[in-house]
Amino acid sequence: MVKGVIFDMDGLMFDTERLWDTFWDPACEELGVPMPQDLATFYASGRGLAGQYLIEHVQKYFPQVDPQKMLDKVWQIGDARFAQGVPCKPGLKELLALLEERGLPRIVASSSPRNMIEQNLQTTGTARYFHDIVCGADVQHSKPAPDIFLEAARRLGLDSHDCLVLEDSFNGVRAGHAAGAVTVMVPDLAQPDEEIRQLYDYCCHDLYEVRDLLVQGKL
């Protein structure tokens, strides 16, 4: 049985991945640079990245602009949009209520900036359920490296093997597996391929199914 739960945020707790995809076009318009031609690959390969990995990703697709300037603009647009509130994914609050009832510690481990994580937790009324937050800036290497989940487990005072990692992205599943955690994928924008199916312990349609696995004693 797991002793603590580590939550990704975008696409797992909140339906924000689709929103993130809409911020790049106005950012490009303001900075006077064109959007990448292969948008599908640009979006998919960038999910879950932070720090130097994210900077390199932006540099690859926008070589004509300072990548930090581009990211600052995207985050500025995101801040304004997320301040209006974000939708919770199905089953989130029911799962959190079960974990609280069982006394299992909970932490958010997301590549997003800390202020965005805190804002989303506050506007959705879920902040009270979590004991701590680890953001992308808190670790040296972002997903698919395991650093963020290892740090989350450390803050919970647990071995990573005793933690349940909940993720929606490929890079997140890779990171959870690399950390040695029990890894459950709840797909959002991308369904698992053969590689990813070898890395997770379970794949659930939504967070209600995760709750059911816990109730059934399978996690």
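I will try to describe carefully the structure that is included in this document. On a predicted model such as this, the values are computed, not experimentally measured, just so you know. (Residues numbered from 1 in each chain as written. Predicted model: local features only at pLDDT ≥ 70, side-chain atom pairs only at ≥ 80, totals over all residues. Heavy atoms only, no water.)

1. Some thoughts on the overall build of the protein
Along the protein, the regular secondary structure elements total eleven helices and six strands. The globule rule puts the C-alpha radius of gyration for 219 residues at 17 Å, and the 17 Å found for the protein is close to it. Across the 219 residues of the protein, 54% fall into the buried class. Contacts in the protein between residues at least 24 apart in sequence constitute 64% of all its contacts with a sequence separation of at least 6. Here the protein has roughly 9,700 Å² of accessible surface; of this, 49% comes from carbon and sulfur atoms. (Helix = DSSP H or I, 4+ residues; strand = E, 2+ residues; numbered from the N terminus. Rg over C-alpha atoms; globule rule 2.2 N^0.38 Å. Buried < 20%, exposed > 50% of the residue type's maximum accessible area, 1.4 Å probe, protein only. Contact = heavy atoms within 4.5 Å. Areas by Shrake-Rupley, 256 points an atom, 1.4 Å probe, with all protein chains shown as cover.)

2. Topic: the packing of aromatic side chains
For the structure shown, the criterion picks out nine aromatic pairs. When the centroid spacing of 5.3 Å and the interplanar angle of 85 degrees are considered together, the rings of Phe7 and Phe130 count as edge-to-face. You can see Phe7 sitting in strand β1 (residues 4-7) and its partner Phe130 sitting in the loop between α7 (114-124) and β3 (132-135), a full 123 residues away along the chain. Accessibility assignment for this pair places Phe7 and Phe130 in one class, buried. (Phe/Tyr/Trp six-rings, centres within 6.5 Å; stacked < 30°, edge-to-face > 60°.)

3. Quick notes on the nonpolar core
Core analysis: the largest hydrophobic core is formed by 52 residues, its most contacted members being Phe7, Met13, Trp24, Phe62, Met70, Leu166 and Val210. Beyond its immediate stretch of four places on either side in the chain, Met70 contacts Trp24, Ala27, Cys28, Leu31, Val33, Val58, Phe62 and Val65. By size, the runner-up hydrophobic cluster in this structure holds 15 residues, among which are Phe149, Ala153, Leu156 and Cys163. (Core = buried A, V, L, I, M, F, W, Y, C linked by side-chain atoms within 4.5 Å.)

4. Some words on the sheet that holds β1
Spatially, β3-β2-β1-β4-β5-β6 is the arrangement adopted by the six strands of the open sheet, whose pairing is parallel. Across the chains shown, the open sheet's two edge strands, defined by having one partner strand only, are β3 and β6 (202-203). Bridge count for β1 against strand β2 (residues 106-110) is three bridges, and the pairing is parallel. What sits directly across from Val5, in β2, is Arg106. This element, α7, spans β2 and β3 of the sheet and lies at about 140 degrees to β3. Sitting on the sheet, helix α8 (residues 147-156) is in contact with β1, β2, β3 and β4 (163-167), with an inclination near 155 degrees to β2. (Pairing = 2+ DSSP bridges. Axes fitted to C-alpha atoms, helices over the stretch in contact; angles between N-to-C directions.)

5. Some remarks on unusual backbone geometry
With an omega dihedral of 20 degrees, the bond running from Lys143 to Pro144 counts as a cis peptide bond. In this structure, Pro144 sits in the loop between β3 and α8.

6. As for the pairing of β1
By the alternation rule, side chains of β1 split into Gly4 and Ile6 and Val5 and Phe7, which are all buried. The pairing of β1 with β4 spans four bridges and is parallel. For Ile6, the partnering residue across the bridge sits in β4 and is Val165.

7. Some remarks on the packing of helix α4 (residues 51-61) against helix α5 (residues 67-82)
In contact at an axis separation of 9 Å, α4 and α5 are set at 100 degrees when each is read in the N-to-C sense. Here α5 runs roughly perpendicular to α4, going by the angle between their axes. Here Leu54, Ile55, Val58 and Gln59 of α4 lie close against α5, whose contacting residues are Pro67, Gln68, Met70, Leu71 and Trp75. By residue class, the composition of the contact of α4 with α5 is seven nonpolar, two polar and no charged. (Parallel < 35°, antiparallel > 145°, perpendicular 65-115°, else oblique. Nonpolar A, V, L, I, M, F, W, Y, C, P; charged D, E, K, R; others polar.)

8. Focus: helix α9 (residues 170-178)
All of the buried residues along α9 are Asn171, Gly172, Val173, Ala175 and Gly176. Considering only its buried residues, α9 is in contact with α3 (39-46), α8, β4, β5 (182-185) and α10 (194-197). Two residues or fewer after α9 comes Gly180, characterised by a positive phi angle close to 80 degrees.

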